[in-house]
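# Structure at a glance
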Amino acid sequence: MVDFIANNEIARFAVLALVFIVVLGVVAYVTRYFSERAEVQKQIAKIGTGPTEQLRTGRLVEARNSAWLGLLEKIEKSGLSLADTRGDKLRKQLVAAGFTANHAPRVYTLTRIVLVFVLPIFFFVVVSLTEQDLSILQLYFLGVLFAAIGLFLPNLYISAKASRHEEMVRRGFPDCLDLMLVCVEAGLGLEAAMDRVGREMIASHPKISALLSLATLEMRAGASRDDALRKMGDMSGVDEIRSFSTLLIQSDKMGTSVAETLRVYADEMREKRRLRAEEKAHRLPVLISIPLVVCMLPTMIGVLMIPGVVRAVRTLFPALSGG
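Note that the structure is a prediction, hence the values are computed from the model and not measured.

### Looking at the nonpolar core
Grouped burial of nonpolar side chains is what soluble globular proteins tend to show. By size, the foremost hydrophobic cluster in this structure holds 33 residues, and its most contacted members are M194, M232 and F244. The leading source of residues in this core is helix 6 (residues 136-185), at 8 residues. Membership of the second largest hydrophobic core comes to 8 residues, among which are L90, A97, A104 and I158.

Below, the structure written as structure tokens:
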């Protein structure tokens, strides 16, 4: 395998491109992490300075959305339909990943179409520049492979981001329940408590803050509490929040104490979070055994056997040979 990569220019270029993509992804992740921390610190420093910065950010987001909408309208006017056959299923998946704009499904479809053509074209350009002697059948299968990668790569990205979003929401929701419990026991209603907690958790848990704020705005706009809570559970994509919404609806209909409901459910979610942490901790020995067997065990065996081998070469073998 190593000889093939060393002697084949396409394989060598593919390996180098893969290493470049991995390094670029790591650098992008680290940069995004520190930029988010800097942004949070900047927002904390600017609390109380007025809505000017928020208005400017809102204008930037609106301008970006307008640019995307203009591009999508031009493409659809040319005769290319960007409507996806999955419809509501795709919409829920994108919302779970954090893409809540109405034009997000069309952008997703456009991205898949572009990648289906761009990746094979990039491959053919690389082959032509490296002057590799590939048959028509090899070019066909490799082109189909890159087209399939371009078709399924956005789906993998959306699935990974939805999983990360779900983990963030599940990790921070017990803290949200504790804050809601404090607000309800202080005398606030459920709607006022959700609004207050949503404003308080903007910096620490922005995903949960967006869900609570959206549910509060829907209730203020005239939607019933049941519909707003159900929609919040569906938008979150997390089973615990769906169960929490159902629990609040039942508590509201039966007239039970909302504070007691929040206290019991917060304790239950904390217990689930502790069990998930214990599960990950118990998986560590199994995961560590793989690098232990592959990397450390051969070294330990070699260190233990080398003295015996040296003594056998110096003493035992000459004695057996009559020396």
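Here the narrative resumes.
### Brief notes about the packing of helix 6 against helix 10 (residues 239-254)
Two elements in contact, helix 6 and helix 10, have axes whose closest approach is 10 Å; the angle formed by their N-to-C orientations is 30 degrees. Looking at the two axes, helix 6 sits roughly parallel to helix 10. Judged by residue contacts, V169, R170, F173, L177 and M180 of helix 6 engage E240, I241 and F244 from helix 10. In terms of residue class, the contact of helix 6 with helix 10 is made up of 6 nonpolar, no polar and 2 charged.

### Considerations on helix 7 (residues 190-200)
Residue pairs three or four apart in sequence face the same way in an α-helix, which turns once every 3.6 residues. Every buried residue of helix 7 is accounted for by L190, A193, M194, D195, V197 and G198. Summarising the contacts, the buried residues of helix 7 are in contact with helix 6, helix 8 (206-220), helix 9 (225-236), helix 10 and helix 11 (258-320).

### Examining the side chain of T216
One can find T216 in helix 8. Non-local contacts of T216, meaning those with residues more than four positions away in its chain, are made with E191, M194 and D195.

### Here's the deal with helix 4 (residues 88-96)
The complete set of buried residues in helix 4 reads L90, Q93, L94, V95 and A96. Turning to helix 4, the residues buried within the fold contact helix 5 (104-130), helix 6 and helix 9.

### Details of the confidence of the model for the protein
The predicted model of the protein has a mean per-residue pLDDT of 76, with 81% of residues at 70 or higher. Contacts from residues 48-63, a stretch scored under 50 in pLDDT, to residues over four places away or in other chains number 1 contact.

Conventions used here
- Residues numbered from 1 in each chain as written.
- Predicted model: local features only at pLDDT ≥ 70, side-chain atom pairs only at ≥ 80, totals over all residues.
- Heavy atoms only, no water.
- Core = buried A, V, L, I, M, F, W, Y, C linked by side-chain atoms within 4.5 Å.
- Buried < 20%, exposed > 50% of the residue type's maximum accessible area, 1.4 Å probe, protein only.
- Helix = DSSP H or I, 4+ residues; strand = E, 2+ residues; numbered from the N terminus.
- Axes fitted to C-alpha atoms, helices over the stretch in contact; angles between N-to-C directions.
- Parallel < 35°, antiparallel > 145°, perpendicular 65-115°, else oblique.
- Contact = heavy atoms within 4.5 Å.
- Nonpolar A, V, L, I, M, F, W, Y, C, P; charged D, E, K, R; others polar.
- pLDDT = per-residue confidence, 0-100.

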